[in-house]
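# Close look at the chain arrangement
Letter by letter, the chains look like this.
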Amino acid sequence: MLTIGRLAATAGVTVRTVRHYHHVGLLPEPDRDASGYRRYSAQAAVDLIRIRTLADAGVPLSRIDALLHAQPTEFAAAITDIDAELQRKIDQLTEYRSRIAELDSGESLVLPPEVVAILNRMRGLGIGEQRVLLERDSWILLQALDPDAVPQRIHEKNAEFDDPETTRLYLAVDHSATWDPHDPRLDQLIDDLDAWEIAHERDPGRQTTRTLISSRISESSPSWQRIVDALTHRAEQRRHLNPD
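Figured I'd write up the structure that's included with this text. Note that the coordinates shown come from a computational prediction; the quantities given were computed from them, not determined experimentally. (Residues numbered from 1 in each chain as written. Predicted model: local features only at pLDDT ≥ 70, side-chain atom pairs only at ≥ 80, totals over all residues. Heavy atoms only, no water.)

## With respect to the packing of aromatic side chains
Our working rule: Pairing of aromatic rings covers Phe, Tyr and Trp, the last counted by its six-membered ring, and requires centre-to-centre distances within 6.5 Å; plane angles under 30 degrees mean stacked, over 60 mean edge-to-face, and any other angle means tilted. Sitting over a ring, as applied to charges here, requires NZ of Lys or CZ of Arg to be within 6 Å of the ring centre and within 35 degrees of the ring normal.
Per the counting criterion, the structure on display carries one aromatic pair. For the cation-ring pair, Arg50 lies above Phe75, with the distance from its terminal atom to the ring centre recorded as 4.6 Å.

## A closer look at the environment of Trp139
Basically, it comes down to this: Think of it this way: any DSSP run of H or I at least four residues long counts as a helix, any run of E at least two long counts as a strand, and we number them from the N terminus. A simple rule labels every residue: compare its accessible area, found with a 1.4 Å probe on the protein chains alone, to the largest value its type can have, and call it buried under 20%, exposed over 50%, or partly exposed in between.
Topologically, Trp139 is positioned in helix α8 (residues 129-145). Looking at Trp139, the relative accessible area reads 4%, which means it is buried. For the pair Trp139 and Val116, spaced 23 residues apart in the sequence, the C-alpha separation amounts to 9.7 Å.

## Some points on the pattern of salt bridges
Just so we agree on the cut-off: Here, a salt bridge means any side-chain nitrogen of Lys or Arg that lies within 4 Å of a carboxyl oxygen of Asp or Glu.
Evaluated as defined, the whole model comprises 20 salt bridges. Here Arg88 makes a salt bridge to Glu85, at a shortest N to O gap of 2.8 Å. Linking Arg88 with Glu85, this pair stays in helix α5 (residues 72-102), spanning three residues, or about one helical turn. A salt bridge links Glu129 to Arg123; the shortest N-O distance between them is 2.9 Å. Linked by salt bridges that have partners in common, Arg131, Glu135, Arg153, Glu156, Lys157 and Glu160 make up one network.

## Here we look at helix α7 (residues 113-125)
Short version of the rule: In this analysis, the expected span of each helix is defined as 1.5 Å times one less than the number of residues it contains. Picture the helix axis, draw a direction to every C-beta atom, and the arc is the one those directions span. Throughout, a residue-residue contact means that at least one pair of heavy atoms, one from each residue, lies within 4.5 Å.
Between its terminal C-alpha atoms α7 stretches 18 Å, which fits the 18 Å expected from 13 residues at 1.5 Å a residue. Buried residues of α7: Val115, Val116, Ile118, Leu119 and Met122, and no others. Seen end-on, α7 carries its buried residues on one side only, within an arc spanning 155°. Residues of α7 that are exposed and point more than 90 degrees away from the buried face comprise Pro113 and Gly124. Residues of α7 that are buried sit in contact with α6 (107-110), α8 and α9 (150-162).

Nothing here speaks to function; it is geometry throughout.
This is the structure:
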């Protein structure tokens, strides 16, 4: 026979918890023996462990009381249902954890996986995070304003990074972000970008080199703004010389 202290220790609860279960009627309180102590049977220990386990699993005390008096088959069926509910909660919490982890990267919340893959590809190529985040913002705007254009642009973007020369220009433009707008190195870069544009001007569905530095992106760097202005001016000159 067990004292209340040993009973509580056996079930891993406090004496106060045992007394609470007495108070709500979940665990019968035995009579005192000749020495004035309440002595608990092994069945009381089994019942207390059941009560504690079910309570820890979130089962309401009112349902626990019914389960303690249920037939074995009914008890087993109830345990199966409780286990299924716990699994549902685990799956839900796992999903919440995944979604919370994604909060650190806003792109995964609003952009298709194919676009996120492009952004990660840019990072893998060594393109700076400033440029990647500006690219991300451009994709978010494109998806909001013209979602039907996103699949084609994904294809075009991957094709650009499949081309070594285009990739080289992306990296060169990225490195120039912190240059002084009068840095002589920009002259060569502008020439390279202009040559690329001329070489690809007849490509179907082509993007001009100015898409390497969109107006949204050029605002963040004076050197990028100089590149955009120079390329725009050269393109206009060619149109005037060759209006057809």
